[in-house]
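Coordinates in review
Here is how the chains run, residue by residue.
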Amino acid sequence: MIFPQVSTTPQAPHHTMAIAQSERPRIARPISFIEGTIKGVPIRLATIDLNDPKTFISIGLANQASQANSARSTRGDEAFQAMVRRSKAALTINGTFFSMDDQKRVMGNMVAGGRFLKFSPWENYGTTLGIRRGNRPEMITARTEGKPHWNQHWFSLTAGPRLLKQGEISINPQQEGFSDPAVSGVAVRSAIGFPKNANRLYFVTFHQPITLEKEAVIMRSIGAYEAMNLDGGTSVALAVGDRIVQSPGRELTNVITVYDSRFSAPEGLKRSWYDFQQNNQVTLQPGK
């Protein structure tokens, strides 16, 4: 494994997570970013410490929409550069899939800032990454494990297919509801995952076309215990601060945004995080 470091922040030792209600550790460890090659594949890896008291994760929607595009309504798509400038985040990366028709429908239910950006009780496609109370991540494949409890997620994004389950390669696009051959074939990809102790998130972008199997092997090699594929192809996009590291080949409908001690989260996002921690189980109302 070759990993030349190009931009990173020194990391203090990780601590066992023990967050009760609104308490968070006081040691700030900003996002680290490195790029290099693993198993012959060039990648970029951003590591987010979920114990960092300054870390907040959200979703940005195109054209400042308050709800994600669905069959009922749409705000279309937007240039990635514009979404980066508006978010002012430490890390901005492409999110989940969306339809290529005029409606630009976003896949799956979506939660950010403790509220639904998109919700359907019948949603059962793909795999969901959810972040629960205490910044604890979980990964659930609806058709094999049951629907996620979205109302217990501070952050929730559905994409897929799943790559790793409990440290083992677990790939079944058809079972998750994916029929597009572009998803299961060879493509430029991006992924998200977390280690067994669930105290970090890994965002990875791959910069040559690879299979899902190769993607899973690489995610496991960097330490992921659970991992899933994100949108890929011409949607792959990455910005570190205001620097566009990889520009997508098309406009996007949604992005994942991450804030840290250097790029502070909006005050409203911080308040909603603390409000969420004080209620162990919150009934989230779509759009409220």
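The preceding data block contains the structure.
Conventions adopted
- Residues numbered from 1 in each chain as written.
- Predicted model: local features only at pLDDT ≥ 70, side-chain atom pairs only at ≥ 80, totals over all residues.
- Heavy atoms only, no water.
- Helix = DSSP H or I, 4+ residues; strand = E, 2+ residues; numbered from the N terminus.
- Pairing = 2+ DSSP bridges.
- Axes fitted to C-alpha atoms, helices over the stretch in contact; angles between N-to-C directions.
- 1 Å grid on protein atoms, 1.4 Å probe; cavity = no way out; pocket = protein on both sides within 12 Å on 5 of 7 lines; lining within 4 Å.
- Points joined across faces, edges and corners; volume = space filled by probe spheres on them.
- Nonpolar A, V, L, I, M, F, W, Y, C, P; charged D, E, K, R; others polar.
- Contact = heavy atoms within 4.5 Å.
- Buried < 20%, exposed > 50% of the residue type's maximum accessible area, 1.4 Å probe, protein only.

1. Details of the environment of Lys54
Here Lys54 lies in the loop between β2 (41-49) and β3 (56-61). A sequence separation of 205 residues divides Lys54 from Tyr259, and the C-alpha atoms of the two residues are 7.1 Å apart.

2. Some words on the sheet that holds strand β6 (residues 115-118)
If you walk across this open sheet you meet the 5 strands as β6-β5-β9-β7-β8, and the pairing is antiparallel. Bordering the open sheet on either side are β6 and β8 (136-141), each of which pairs with just one other strand. For this sheet the average axis-to-axis angle between neighbouring strands, irrespective of direction, equals 25°.

3. Some remarks on the layout of surface pockets
Space inside the largest pocket adds up to approximately 760 Å³. Considering the residues around the largest pocket, the lining is formed by 31 residues, among which Phe97, Phe98, Ser99, Met107 and Asp180 are closest to the centre. Class assignment for the residues of the lining of the largest pocket results in 14 nonpolar, 9 polar and 8 charged. The wall of the second largest pocket is formed by 20 residues, among which Ser58, Ile59, Gly60, Leu61 and Ala65 lie closest to the centre. Of all the elements in the fold, those that place two or more residues in the lining of the second largest pocket are β3, α1 (80-87), β6, β17 (254-259) and α6 (267-277). With 4 residues, the single largest contributor to the lining of the second largest pocket is β3.

4. Quick word on the sheet that holds strand β12 (residues 190-194)
If you trace the 7 strands from one edge of the open sheet to the other, you get β1-β2-β13-β12-β14-β10-β11, paired in antiparallel fashion. Both edges of this open sheet fall to β1 (32-38) and β11 (168-169), since each of them pairs with a single strand only. Where β12 lies against strand β14 (residues 226-229), 4 bridges are found, and the strand directions are antiparallel. What sits directly across from Ile192, in β14, is Met228. Packing of helix α5 (residues 212-221) onto the sheet brings it into contact with β1, β2, β10 (162-165), β11, β12, β13 (200-206) and β14, and relative to β10 it is tilted by some 40°.

5. Some thoughts on the pairing of strand β7 (residues 127-132)
Counting buried positions along β7 yields 5 of 6 residues, so the element is predominantly enclosed. Strand direction decides the pairing type here: β7 and β8, joined by 6 bridges, are antiparallel. If you follow Gly130 over to β8, its bridge partner there is Glu138. By the bridge criterion, 5 bridges tie β7 to strand β9 (residues 155-159) in an arrangement that is antiparallel. The residue of β9 that forms the bridge with Thr128 is Thr158.

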